[in-house]
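# Examining the three-dimensional arrangement
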Amino acid sequence: MASTTASADAPVPVPEQADVVIIGGGVIGASIAFHLAEAGVARVLLLERDRPASGSSGKPIGGVRAQFSDPLNIRLGLRSLDAWRDFVRRPGADIGLENVGYLFLLGNDSELATFTEGVEVQNAYGVPSRIITPRAAQDLCPYVDPSGIAAAAFSPTDGYALPRSAVAGYLRAARRLGVTVRTRCPVTAIDTADGTLQAVRTPHGTVRTHTVICCAGAWSGALGAMAGVELPVTPLRRQIAFTGPLRPAPPRIPFTLDYDSTLYFHNDAADGLLMGLSDPRQQPGFQREFSHEWLEPFRTAAARRAPALARLPVVDGWAGLYEMTPDRNALIGEARNVGRFLYATGFSGHGFLQAPAVGELVRDLYLGREPFLDVGPLAATRFDGRAVRPEAHII
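Presented here is an overview of the structure given in this document. What you are looking at is a predicted structure, and each value in this text was computed from that prediction instead of being measured.

## Topic: helix H3 (residues 109–124)
Here H3 contains 16 residues, and its C-alpha end-to-end distance of 23 Å stays within 8% of the 22 Å for a straight helix at 1.5 Å per residue. Among the residues of H3, those classed as buried are Glu111, Phe115, Gly118, Val119 and Gln122. The buried residues of H3 all sit within an arc of 110° when viewed along its axis, so they share a single face. Opposite the buried face of H3, by more than 90 degrees, sit the exposed residues Asp109, Ser110, Glu117, Glu120 and Ala124. Check the buried side of H3 and you find it contacts helix H2 (71–85), strand S4 (102–106), strand S5 (130–132) and strand S6 (151–155). With a side-chain oxygen lying 3.1 Å from the backbone nitrogen of Ser110, the N-terminal cap of H3 falls on Asn108. A positive phi of about 95° marks Gly126, the residue just after H3.

## So, the side chain of Asp258
Inspection of the secondary structure puts Asp258 in strand S14 (residues 255–258). Once residues lying within four places of it in the same chain are set aside, the contact partners of Asp258 are Leu105, Leu263, Arg304, Arg305 and Ile395.

## Observations concerning unusual backbone geometry
Leaving glycine out, the prevailing phi sign among residues is negative, and the prevailing peptide bond configuration is trans. With omega at 10°, the peptide bond leading from Arg90 into Pro91 counts as cis. Here Pro91 lies in the loop between H2 and S4. Following Arg247, the chain continues to Pro248 via a peptide bond in cis, the omega torsion being 0°. Checked against the element boundaries, Pro248 lands in the loop between strand S13 (234–242) and S14. Despite not being glycine, Arg184 has its phi angle at roughly 50°, a positive value. Relative to the helices and strands, Arg184 is located in the loop between strand S8 (180–182) and strand S9 (189–193). The phi dihedral of Asp194 falls on the positive side, at around 55°, and the residue is not glycine. Along the chain, Asp194 turns up in the loop between S9 and strand S10 (196–202).

## Regarding the environment of Glu360
Looking at where Glu360 falls in the secondary structure, it is placed in helix H8 (residues 351–367). Judged by relative accessible area, which is 13%, Glu360 ranks as buried. Residues Glu360 and Gly221, 139 residues apart in the sequence, show an inter-C-alpha distance of 23 Å. When residues no more than four places from it in sequence are discounted, the contact partners of Glu360 are His35, Arg79 and Phe372.

## Description of the sheet that holds strand S18 (residues 331–334)
Spatially, the six strands line up as an open sheet ordered S8-S2-S1-S12-S19-S18, and their pairing is mixed. What marks the edges here is a single partner per strand, and that holds for S8 and S18. Put simply, the sheet's adjacent strands are angled 15° from each other on average, direction ignored. Where strand S1 (residues 20–23) lies against strand S12 (residues 212–214), three bridges are found, and the strand directions are parallel. Directly across from Ile22, in S12, lies its bridge partner Ile213.

## Focus: the sheet that holds S10
Strand order in this open sheet of three strands is S9-S10-S11, and the pairing throughout is antiparallel. Edge positions in the open sheet fall to S9 and strand S11 (205–208), since each of these has one partner strand only. Strand-to-strand twist across the sheet, computed as the mean angle between neighbouring axes with direction ignored, equals 20°. The pairing of S10 with S11 spans four bridges and is antiparallel. When the sheet's bridge partners are listed, Arg201 is paired in S11 with Thr206.

Rules behind the numbers
As a convention, each chain's residues are numbered from 1 in the sequence order in which they are written. Two thresholds apply to this predicted model, a pLDDT of at least 70 for residue-level local features and 80 or more for giving and counting side-chain atom pairs, whereas whole-chain, interface and lining totals are computed over all residues. With hydrogens and water excluded, all non-hydrogen atoms of the structure serve as input to the side-chain values. Counting from the N terminus, the helices are DSSP H or I runs at least four residues long and the strands are E runs at least two residues long. Every helix has an expected span of 1.5 Å times one less than the residues it contains. The buried label applies to any residue whose accessible area, calculated with a 1.4 Å probe on protein chains only, is under 20% of its type's maximum; exposed applies above 50%, and partly exposed to all values in between. Relevant arc is that of directions from the helix axis to the C-beta atoms, nothing else. Should any heavy atoms of two residues lie within 4.5 Å, those residues are considered in contact. Here a polar contact means two N or O atoms within 3.5 Å. Within protein one must be a hydrogen donor candidate and the other an acceptor candidate, and residues neighboring in sequence count only if both atoms are side-chain atoms. What makes two strands pair is DSSP finding at least two bridges between them. Axis definition: a line fitted to C-alpha atoms, limited for helices to the stretch in contact. Angles are taken between N-to-C directions and run from 0 to 180 degrees.

Following this line, the structure appears as structure tokens:
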């Protein structure tokens, strides 16, 4: 293991000083670490409370797309898709990218109208999405029952990849560029004085710093509170299941989602299918154990949209935490009341797909550069009595 990384049994003490302390070793923190180091920022320290990708980024397969209704999210998705396609070269890792497309199933005229408007906006930014007929949707994904939908929306350049591989790739490159990574190293306190950051405390030492970047995912609310910064992030368990190898093997299909029920499914790497659904009965909290109760609403939804799925076996599963915000859009910016406390969190299930672009944005915020996108609308203070970000294409 690299000398800059703590072992699981004996964490290495933190450095006494750092120019930047990144808190959170998921895909967002890893991307930011890489982009800062690539830009020549020295003494970057990344702290992870457990192991890299042990939170939301640990899920086996993450979707990547630009099919959104909000131009801001469309641009984040497009920028990131370009980076994911180039990941083998920069930073240099195979993330198992599969450009199979995203297929949204639309059950009625109201949903069709929403996505028709979204396609028009997406096309204006260069996304090759389109509305297709129920029969065309079935041609792309034979599991779909065309009689149950009004239409579908499809973009062939979307798809999915392996989040753990992406985190590992970013961190390997970041270490080569001088970033220090400490795992099994939770933050216990953040010291401030007169609106200025002073230090970050951990069980393995205190590091003096004047810049903190919060990428702590579902734990960001508590982390921000240590510095007196309000980050409205709520943890919510989401679960996925695996069929195991199927015979015959499933056809190659798009990442398929039912907009109404939030059911989704796609191929996995074991000649089976990965299946998921946002259980409306799930209560907020930090529970991360996989259980089977959510399969009941999943099978009910599958019977309506893809009947064959309702009968498939489940051999394994995964549970993790989404970091939810009130409008289910990200929080990106710098705190007003604590200078140089930056944050990139609250992605509500879209963190992996937006991670490369977010790494660029936070790098530029730190360096005082003009970013490719104005992230002012994603500030955590947007909930202070003002209109929230609109986004229709969320699952």
